[in-house]
Amino acid sequence: TREVPATVSPAVLTNLLRKELGFSGLVTTDAMDMQGLSGQLAPGEAAVRALEAGADVLLMPARPVEAMRAIRAAVEKGRIHQRRIDESVERILAAKVRLGLHKKRFADLEALSDALDREEDRQLAQRIADKAVTLVRNEGQLTPIEQPERSCWYMLIENRHGQQGIQMSDFLEQRLPTAKRWLLDSQMSRADLEAARRQSSDCGAIVVAAYAGFRGTGALPDGFTWLVESLSSSGQPLILVGLGNPYLLRAFAKVPAFLATFSTVPPSEIAAVKAILGDIAISGSLPVTIPGIARYGDGLKVAAKTGGNLTQGPGVR
């Protein structure tokens, strides 16, 4: 029998979650445009199957209008009973009542920064990001870096107009002003990437931080793939950081050192730098298996450098 994602599995959402575990709250799917699901089922069929499996809220269908039409057709044809739809609606309405949305439907936009951007919240986010850093591979004990002042950092971002890499670059300037750093975006020409590559000749160690959200598999655009492979074959110590998608390692299985942060948010950018410099201990473990490379729960443990600079990230004290 072909394996299917939990999103469309009655065995998981209904039998295990509802019946065995007794969960009575809202069940929200993972992003339904994910490759593991969209590669198996058309958007409409996936939406119907998710409801049949027991989901209440469908998150990010690949084609929402097609999904809604398919659900309506399934109800009209009797494939999905109206009562099944009512059950999900009742749970959604009950959740809204618990949150008081029937009394106050709108948020006070002026107060959001006070509620969501408090100093204690920023500190907590940084501690979580620090704990999440996972060292999957560390051949030659490259992490933490021995001579950080001679290190070179390549930040491979998706879009030059976004915020990716800015916090990491700023933190590096603050924490390690002698290190070289390049912020490269996926629209750059091969000539520009080659120019950045040539400047690594005198680097004591190279760090490549890839914002691996380009595809569901974590693969990088061709230009970035060439750059990482070229840097990896230079003979210089290289540490690859997967910000967001740990499966990036599958595309560069020969790199000697690999860290995963599982997120691209600024605290994760800062945590990666702190881990590589030895400012914090590395204690994370993989929440997934990387086929043929690492197993669920794997993660090398590395102590912080004694006497290291424990400078926190911008806005974090």
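Residues numbered from 1 in each chain as written. Predicted model: local features only at pLDDT ≥ 70, side-chain atom pairs only at ≥ 80, totals over all residues. Heavy atoms only, no water.

This part takes up the environment of Asp130. By the secondary structure assignment, Asp130 is in helix α7 (residues 119-132). Overall, the relative accessible area of 11% leaves Asp130 in the buried class. Residues Asp130 and Arg150, spaced 20 residues apart in sequence, show a C-alpha to C-alpha distance of 24 Å. Every residue in contact with Asp130, bar those within four places of it in the chain, is listed here: Ala271, Lys274 and Ile280. (Helix = DSSP H or I, 4+ residues; strand = E, 2+ residues; numbered from the N terminus. Buried < 20%, exposed > 50% of the residue type's maximum accessible area, 1.4 Å probe, protein only. Contact = heavy atoms within 4.5 Å.)

Right, let's talk about the sheet that holds strand β2 (residues 151-157) for a bit. Taken together, the six strands give an open sheet; going across it, the order is β1-β6-β5-β4-β2-β3, and neighbouring strands pair in mixed fashion. Pairing within the sheet leaves two strands with one partner each, and these edge strands are β1 (134-138) and β3 (180-185). Going across the sheet, the axis of each strand differs from the next one's by a mean of 15 degrees, ignoring polarity. The pairing of β1 with strand β6 (residues 257-260) spans four bridges and is antiparallel. Each residue of the ladder has a partner; that of Thr134, found in β6, is Ala260. (Pairing = 2+ DSSP bridges. Axes fitted to C-alpha atoms, helices over the stretch in contact; angles between N-to-C directions.)

Bringing the pattern of salt bridges into the picture now. Pairs can form between side chains of opposite charge once their charged atoms are near each other. For the coordinates displayed, the defined rule picks out 14 salt bridges. The partner of Glu45 in a salt bridge is Arg79, and the shortest N-O contact between them spans 2.8 Å. Of this pair, Glu45 sits in helix α3 (residues 43-53) while Arg79 sits in the loop between α4 (64-76) and α5 (82-98), placing them 34 residues apart in sequence. The exposure class of Arg79 is partly exposed, given its relative accessible area of 41%. When salt bridges with common partners are traced through the structure, they connect Glu45, Arg49, Glu52 and Arg79 into a single cluster. (Salt bridge = Lys/Arg side-chain N within 4 Å of Asp/Glu carboxyl O.)

This brings us to α4. Taking 1.5 Å per residue as the helical rise, α4 with its 13 residues ought to reach 18 Å, and the 18 Å between its terminal C-alpha atoms agrees with that figure. Within α4, burial applies to Ala67, Ile71 and Ala74. Here the buried residues of α4 occupy an arc of 65 degrees about the axis, which is enough to place them on one side. Residues of α4 that are exposed and point over 90 degrees away from its buried face: Met68, Arg69, Arg72 and Glu76. Positive backbone phi, approximately 85 degrees, marks Gly78, located one or two places after α4. (Expected span 1.5 Å × (residues − 1). Arc of directions from axis to C-beta.)

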